[in-house]
Amino acid sequence: MKKKIIVGLSLYAFFFALVGVYIIVSIEKAASKFDNLIKLHQVEILREHLLLNIRGVQSDLTLRDTPYARSISHIVSNAIQMDKLSGRCFQCHHSEEVLSRLNRMRGKMERYKHALSRVITYNANPGRLQSEKDTAFRAGKDLIEDVNTMIALTSRKLTEHTQAALGRIAATKNLLFLLLASGPLLSAGLAYIYIRSMTEPVDILLDATRKLKAGDLDHRVPGLADEFGELGNSINDMAGSLKEQMVKMRRTEQMVVAGELAAGLAHEIKNPLAGIKVAMDVLSREEALSKEDRDVMAKVTDEIKRLEVLMKNFLNFAKPPKPRFAKVNVNDIIRGTMDFYSLGGASLPGKPEGIDISKDLDARIPERVADPLQLQQVLLNLFLNAVEAMPGGGVLAVRTEYDAFSDCVRIEISDSGKGIDEGIMGNIFQPFFTTKPKGTGLGLAICRQLIEQQGGSIKAENNPAGGTVFRIDLPAIRVPGAEEA
Amino acid sequence: MVRFVLAILMSAAVAVGCTKASDPSPPNMPPQGKPLLIGLVPEQNIFHQLERYEPLAEYLGRKIGVRIELQVLPFYGNLIDNFESLGLDGAFFGSFSYALAHAKLGLEVLARPEDSTGESTYHGVILVRRDSGIRTVRDMKGKRLAFVARATAAGYLFPLIYLHGNGVSRPETYFREVYFTGTHEDMVWDVLNGKTDVGSCKNTVMDRLASADPRVAREILVLDRSSPFPENGLALKKGIEASLKEKIKTTLISMEEDPEGRKVLERFGARRFIETTDSDYEIVLMYARRINLDLSTYKYSNK
């Protein structure tokens, strides 16, 4: 915007400078044209003067040898004056054509003067004298015709130049009026453009802030230019950040609610369940029980245990234990977890048949500060999910790498199962969301919770080749008092 | 409005005049006061004659502190007839006209020009067209004869002696027509253009025209030439102060030493002015005696 204003003002100043220069040049040109016209008028007057002078000499010549003849010195003086006048014609600048005409005229004048001289100095019989006089008279007549032609030429040129000059001056005047009128128009136009270019983005930004205020955090400011664009991007970032915070807040609220609920349930359900479990245990020892009753009681006991696990998970999710940070090697934790899983932990389902385990662990990854038990819990959960996703067998791949640019250790756990529907991909980390018939919907929610407690993030996506990949990024974090694992 | 401005500007410009024409006068203003009036004989076209002498008169006037005005006269003889009535103070006389003026008016010659070859004299030349077939006086019988003027040595005195010497004492009867061209230049043109069959003029004038028009040398034949006559010199009347006369003479003679004077001399067609005395005109007097002319009673009118 700043650039636009500077460019606009520069153009504005340039326009007025241009107009100023044009006005000065126009005045100069008009003055020059007037000067030319004046010179042409002078030439016309000079030539008319010359014509009068030549006519005077012709008159002197005609009156010679009559009672009205003028003195020789008068004739000579007139002829000299005529010569001087013609000489003045050469003092002004002329085109080649005019100069050629003037030279022709000068030649004729020389012949006329010579003829005059002969008339004046000759002394012969009347026939000869008359012949000389006739020659001089013809030379004078010829000269007069020449000068007349030049006067006519000058007059015509003068008329043409006057009309052309007046025409040009009128055109210049019109153009000047146009330029003068275009000044305010240009100002108004520029003002309109600038006001529009400022109010439009402001309106868009105001609209965006109103929508954000109304809770539409998905609204984004459309592409604006210049500083307004930067402001729009900031507002968009702010809206994104607000939405993220809001989601977190909601989740926190959910956690609080879930925690309170879990505490309540634990308090209200745990003790009765323990009583029921003990009672069922006592009852099941009765020898008199039939096999059918004993099976029913065993099922009840199993359900009670399931309820206990559910309650434990629920409590674990609602009130997660505080992480105990220590410097860990992620590869070691993965290996430990895999070994534990391969050997078949006490509460873990056995390794199903047909599952191949692939490990690609980057030995160069740096140590991270994390809670090793919680990290192991997350990994185990993901391994179990992967195995469950491949009921007919497949490949469980684990890979680690280090991204030096973001200083993150990345863990990728992928399966070759059928993958997750894209429609529910966004919900899989939501608490109580499950696709399993007996799932609690807390496994992945707890995983994310635990990873985020380590300062990391977890994401899931489908592999183009099939199956799902979970990515855990563990950045370097500093926790006071973190110890070696 | 535009027309109004135009009219004002034009009126102003007409009043002021052309830029070049209104240039300030040169710093060397001509001297004021009573001018010296100097006459010129029509040696050539009278306008050319004036153009030739004007720079010299302007220079001389500035140097001596007296304005000089020139007056060209239509006939050689007028100069002597009207010397006093015209109020002339002096004149550039031809050799014969000076001899006459000296005899009649007592004028005193001061100086005459010397050309670039060192010549301060001219010759009279008898002219015919090469294709006229005229080679002797006998061939001239019944033809047309032109003199310049009765008061010229080259244009009258010499051809008269030439004819006398060839047995023609009365040209007006020997020739079909006799007339006067008035100027040496016109004599050359008349012979060249066939307006006369025989003529006579100054060789210096003919040479000057020949350098400008090659036809002159190509088509005109010189049958005879006279002894040298002194070139046209400046002579002043008796009443002029001796100091002024001396000043004029000194200025003329020393102008070749002045760079500006040399330029004027160059335009005039001379290298310098040399002192001239009456003795230089002895040849004219000798020619006059040969045909028994009494200069004091000689009728020099072209009638």
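Residues numbered from 1 in each chain as written. Chains lettered and ligands numbered in written order. Predicted model: local features only at pLDDT ≥ 70, side-chain atom pairs only at ≥ 80, totals over all residues. Heavy atoms only, no water.

Draft legend 1. Highlighting the overall build of chain A. The secondary structure content of chain A amounts to ten helices and eight strands. Going through the 485 residues of chain A one by one, you find that 36% of them count as buried. In chain A, 74% of the contacts between residues at least 6 apart in sequence involve partners at least 24 apart. In the structure as shown, chain A presents an accessible area of about 28100 Å², 59% of it carried by carbon and sulfur atoms. (Helix = DSSP H or I, 4+ residues; strand = E, 2+ residues; numbered from the N terminus. Buried < 20%, exposed > 50% of the residue type's maximum accessible area, 1.4 Å probe, protein only. Contact = heavy atoms within 4.5 Å. Areas by Shrake-Rupley, 256 points an atom, 1.4 Å probe, with all protein chains shown as cover.)

Draft legend 2. Spotlight on the overall build of chain B. A tally of helices and strands in chain B yields twelve helices and 13 strands. Sequence-distant contacts in chain B: of pairs separated by 6 or more residues, those separated by 24 or more amount to 78%. Of the roughly 13300 Å² that chain B leaves accessible, carbon and sulfur atoms contribute 51%.

Draft legend 3. The packing of aromatic side chains, seen in detail. Residues and elements named next belong to chain B. Enumeration according to the criterion identifies 17 aromatic pairs over all chains in this entry. When the centroid spacing of 4.8 Å and the interplanar angle of 55° are considered together, the rings of Tyr 53 and Phe 92 count as tilted. Note that Tyr 53 is positioned in helix α2 (residues 46-64) and Phe 92 in strand β3 (residues 90-93), a separation of 39 residues in sequence. Tyr 53 gets classed as buried once you look at its relative accessible area, which sits at 2%. Here the aromatic cluster, defined as three or more aromatic residues joined through ring pairs, consists of Tyr 53, Phe 92, Phe 268 and Phe 273. Looking at Arg 52, its charged tip hangs above the ring of Phe 268, at a distance of 4.2 Å from the centre. Its end group placed over the ring of Tyr 287, Arg 290 keeps NZ or CZ at 5.2 Å from the ring centre. (Phe/Tyr/Trp six-rings, centres within 6.5 Å; stacked < 30°, edge-to-face > 60°. Lys NZ or Arg CZ within 6 Å of the ring centre and 35° of its normal.)

Draft legend 4. Geometry of the packing of helix α3 (residues 96-121) of chain A against helix α4 (residues 126-213) of chain A. Residue and element names in this part refer to chain A. Direction vectors running N to C along α3 and α4 enclose 155°, while the axes themselves pass 8 Å from each other. By the criterion of interaxial angle, the relationship of α3 to α4 is roughly antiparallel. In the packing of α3 onto α4, the handedness of the crossing is left-handed. Its residues placed into classes, the contact of α3 with α4 shows 14 nonpolar, three polar and nine charged. (Axes fitted to C-alpha atoms, helices over the stretch in contact; angles between N-to-C directions. Parallel < 35°, antiparallel > 145°, perpendicular 65-115°, else oblique. Left-handed = near helix turned anticlockwise from the far one by under 90°. Nonpolar A, V, L, I, M, F, W, Y, C, P; charged D, E, K, R; others polar.)

Draft legend 5. Examining the nonpolar core more closely. B:Phe93, B:Phe96 and B:Met140 are the most contacted members of the largest nonpolar core, which totals 72 residues. Ranked by residues supplied to this core, first place goes to helix α5 (residues 153-165) of chain B with nine residues. Each residue touching B:Phe93, except ones within four places of it in the same chain, is listed here: B:Leu79, B:Phe83, B:Tyr98, B:Ala101, B:Leu107, B:Asn232, B:Gly233 and B:Ala235. A:Tyr112, A:Leu143, B:Ile46 and B:Phe273 belong to the second largest nonpolar core, which has 58 residues in total. (Core = buried A, V, L, I, M, F, W, Y, C linked by side-chain atoms within 4.5 Å.)

Draft legend 6. Quick look at the environment of A:Val328. Mapped onto the elements of the fold, A:Val328 is located in strand β1 (residues 326-328). Sequence separation of A:Val328 and A:Val369 is 41 residues, and the distance between their C-alpha atoms is 6.1 Å.

Draft legend 7. Seen up close, the sheet that holds strand β5 (residues 408-414) of chain A. All names here are of chain A. Overall, mixed pairing links the five strands, which are arranged β2-β4-β5-β7-β6 in an open sheet. Two strands lie at the open edges of the sheet, namely β2 (355-360) and β6 (457-462), each paired on one side alone. Averaged over neighbouring strand pairs, the angle between their axes works out to 15° when direction is ignored. Pairing of β5 with strand β7 (residues 468-475) involves seven bridges; the strand directions are antiparallel. In the sheet register, Val 409 faces β7, and the bridge partner there is Leu 474. Taken strand by strand, helix α8 (residues 372-389) contacts β4 (394-403), β5, β6 and β7, and its axis lies near 170° from that of β7. (Pairing = 2+ DSSP bridges.)

Draft legend 8. Representation of the pairing of β5(A) in the model. Residues and elements named next belong to chain A. Most of β5 sits inside the fold, with six of its seven residues counted as buried. Bridge count for β4 against β5 is seven bridges, and the pairing is antiparallel. Across the sheet, Ala 397 pairs through a bridge with Ser 414, a residue of β5.

Draft legend 9. Quick peek at unusual backbone geometry. Backbone geometry places A:Asp407, a non-glycine residue, at a positive phi of 55°. Relative to the helices and strands, A:Asp407 is located in the loop between β4 and β5. Its relative accessible area of 28% is what places A:Asp407 among the partly exposed residues. Positioned with a positive phi, B:Asn292 is a non-glycine residue whose angle comes to about 60°. Since its relative accessible area comes to 70%, B:Asn292 is described here as exposed.

Draft legend 10. Spotlight on the environment of A:Arg294. Residues and elements named next belong to chain A. Locating Arg 294 in the fold gives a position in helix α6 (residues 291-318). For Arg 294, a relative accessible area of 32% gives the class partly exposed. C-alpha separation for the pair Arg 294 and Met 280, spaced 14 residues apart in sequence, amounts to 10.0 Å. For Arg 294, the residues in contact, after removing those within four places along its chain, are Ser 284, Glu 286, Glu 287 and Leu 289.

Draft legend 11. Just the environment of A:Val309, in detail. As for its placement among the helices and strands, A:Val309 is situated in helix α6. A:Val309 sits 131 residues away from A:Thr440 along the chain, and the two C-alpha atoms are 9.7 Å apart.

Draft legend 12. Region of interest: the side chain of A:Glu132. Among the structural elements, A:Glu132 can be located in helix α4. A:Glu132 has contacts with A:Arg118, A:Val119, A:Tyr122 and B:Lys195, leaving out every residue within four places of it along the chain.

Draft legend 13. The pattern of salt bridges, seen in detail. A full pass over the atoms with the stated rule returns 50 salt bridges over all chains. In this structure, B:Asp131 engages B:Arg129 in a salt bridge whose closest nitrogen and oxygen atoms are separated by 2.9 Å. When its relative accessible area of 57% is taken as the criterion, B:Asp131 is described as exposed. Note on B:Arg129: relative accessible area 18%, which makes it buried. A salt bridge links B:Asp197 to B:Arg176; the nearest nitrogen and oxygen atoms lie 4.0 Å apart. Taken as a pair, B:Asp197 in the loop between α7 (184-192) and β9 (198-202) and B:Arg176 in the loop between α6 (171-174) and β8 (177-180) lie far apart in primary sequence, 21 residues in all. A network of salt bridges, in which partner residues are shared, links A:Arg399, A:Glu401, A:Arg410, A:Glu412, A:Glu461, A:Arg471 and A:Asp473. (Salt bridge = Lys/Arg side-chain N within 4 Å of Asp/Glu carboxyl O.)

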